[in-house]
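# Notes for the structure review
Residue-level listing of the chains:
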Amino acid sequence: MSGHFKRTKETDDLAAAAAVLREGYVCSLAHVDPVTGRPRCVPMVYAYHEEGDEKLLYLHGSIYWPPQTKLNPSLRQLWNDDGVTVCLAVTLLDSLLVGRAAISTSLNYRSVVVDGVARKVDPADRAKAFEALSNQVIPGRWPELRPIKDGKGGELDTDGEHTPTVGVLSVSLTENATVRLKRHHAAEPEHESQQDWDWDHGNAWGGLLPMRLVYGPAVPDSHVKDKGADPPDSVQRLIGRPT
């Protein structure tokens, strides 16, 4: 593959986009502040979920949850029954393309951009959403967790009588949404010419540096009773495993 030809592809293939969404778990969510008219963007944990023909993303909306005492209108709008128009993006970095010139250093990546509507999750679906979120971040974690609770002080509120401390949003990928997958994969830095390749002064070097996420040793918090005990299986499977 010749590196000085652009290797960027874009598609609206939902199945291909879903493969990227399953691999990540952090997105950037943007919406427009109804008061100032300015865009707002925050990072959020997400989970990809399929149920029948429905494909959606669950969003861990703790910072957008109404119990916050001085919640401004920009945040409160996300909990309207009609939802709010949002744009969210997920990016996975695969390698760094190191160039010889200032303009030629770039990235190989896969990214998904979703234009859709974020809605608060129905209380009856909150357990399903938390299961999806838990397993997206740490595969197989759900069975190891403290059982989820309902009612006052719990996470569910299925009777609508209490207000949980963490909210969950959902964005449908199949209902009035636009999903775009963009991939860039090159074997060598781009935007270079013969003069760059012939440059032999200093440390001008070109090449590819593969990138991967690796988890280090687990560090128990202050509430773990046996500090010498091994972490749970789901956590051990992540340690030292490149993703």
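See the structure above.
Glancing now at the overall build of the chain. Secondary structure assignment for the chain yields five helices and nine strands. The helix and strand sequence of the chain, counted from the amino end, reads β-α-β-β-β-α-β-β-α-β-β-α-β-α. Burial statistics for the chain: of 243 residues in total, 33% are counted as buried. Considering only residue pairs separated by 6 or more positions, the chain has 71% of its internal contacts joining residues 24 or more positions apart. Surface exposure of the chain reaches about 14400 Å², of which carbon and sulfur atoms provide 53%.

What sets the pattern is the α-helix's 3.6 residues per turn: residues three or four places apart point alike. Along helix α1 (residues 14–23), the residues classified as buried are A17, A18, V20 and L21. Viewed along the axis of α1, the buried residues span an arc of 160°, placing them on a single side of the element. The inward-facing, buried residues of α1 contact β3 (39–51), β4 (54–60), β5 (84–98), β6 (106–120), α3 (126–137) and β8 (178–184). The backbone nitrogen of A15 has a side-chain oxygen 3.0 Å away, supplied by the residue at the start of α1, namely D13.

Now for the side chain of D94. Here D94 is to be found in strand β5. Side-chain polar atoms of D94 contact the side chain of H185, separated by 3.0 Å. Discounting chain neighbours no more than four positions away, the residues touching D94 are N108, Y109, R110, H185, P210 and M211.

Here we take up α3. Between its terminal C-alpha atoms α3 stretches 17 Å, which fits the 16 Å expected from twelve residues at 1.5 Å a residue. Looking at the buried positions of α3, the neighbouring elements they touch are α1, β3, β4 and β7 (168–172).

Looking now at the pattern of salt bridges. For side chains bearing opposite charge, pairing can occur when the charged atoms are close. Under the criterion given, the structure shown has nine salt bridges. The closest approach of N and O atoms between E192 and R100, which form a salt bridge, is 2.9 Å. Taken together, the residues span a long stretch of sequence, with E192 in the loop between β8 and α4 (194–197) and R100 in the loop between β5 and β6 at a distance of 92 residues. Residue K128 pairs with D125 through a salt bridge whose shortest N-O separation is 3.4 Å. Taking relative accessible area as the criterion, D125 reaches 29% and is therefore assigned partly exposed.

Our focus in this paragraph is the side chain of H184. Summarising the element assignment, H184 is placed in strand β8. Among the polar contacts listed, one links the side chain of H184 to the backbone oxygen of L107, at a separation of 2.9 Å. With residues up to four places along the chain from it excluded, the contact list for H184 reads R7, T8, L97, S106, L107, N108, Y109 and E190.

Looking now at the nonpolar core. Grouped together as the largest cluster of nonpolar side chains are 25 residues, with contacts concentrated most on L21, L59, L88 and V112. Mapped onto this core, the elements with two or more residues apiece are α1, β2 (26–32), β3, β4, β5, β6, β7 and β8. The leading source of residues in this core is β5, at five residues. When neighbours within four sequence positions are excluded, L21 is seen to be in contact with Y46, Y48, L57, V90, V112, Q136 and L173.

What counts, and at which threshold
Residues numbered from 1 in each chain as written. Predicted model: local features only at pLDDT ≥ 70, side-chain atom pairs only at ≥ 80, totals over all residues. Heavy atoms only, no water. Helix = DSSP H or I, 4+ residues; strand = E, 2+ residues; numbered from the N terminus. Buried < 20%, exposed > 50% of the residue type's maximum accessible area, 1.4 Å probe, protein only. Contact = heavy atoms within 4.5 Å. Areas by Shrake-Rupley, 256 points an atom, 1.4 Å probe, with all protein chains shown as cover. Arc of directions from axis to C-beta. Polar contact = N/O pair within 3.5 Å; in protein donor to acceptor, adjacent residues only side chain to side chain. Expected span 1.5 Å × (residues − 1). Salt bridge = Lys/Arg side-chain N within 4 Å of Asp/Glu carboxyl O. Core = buried A, V, L, I, M, F, W, Y, C linked by side-chain atoms within 4.5 Å.

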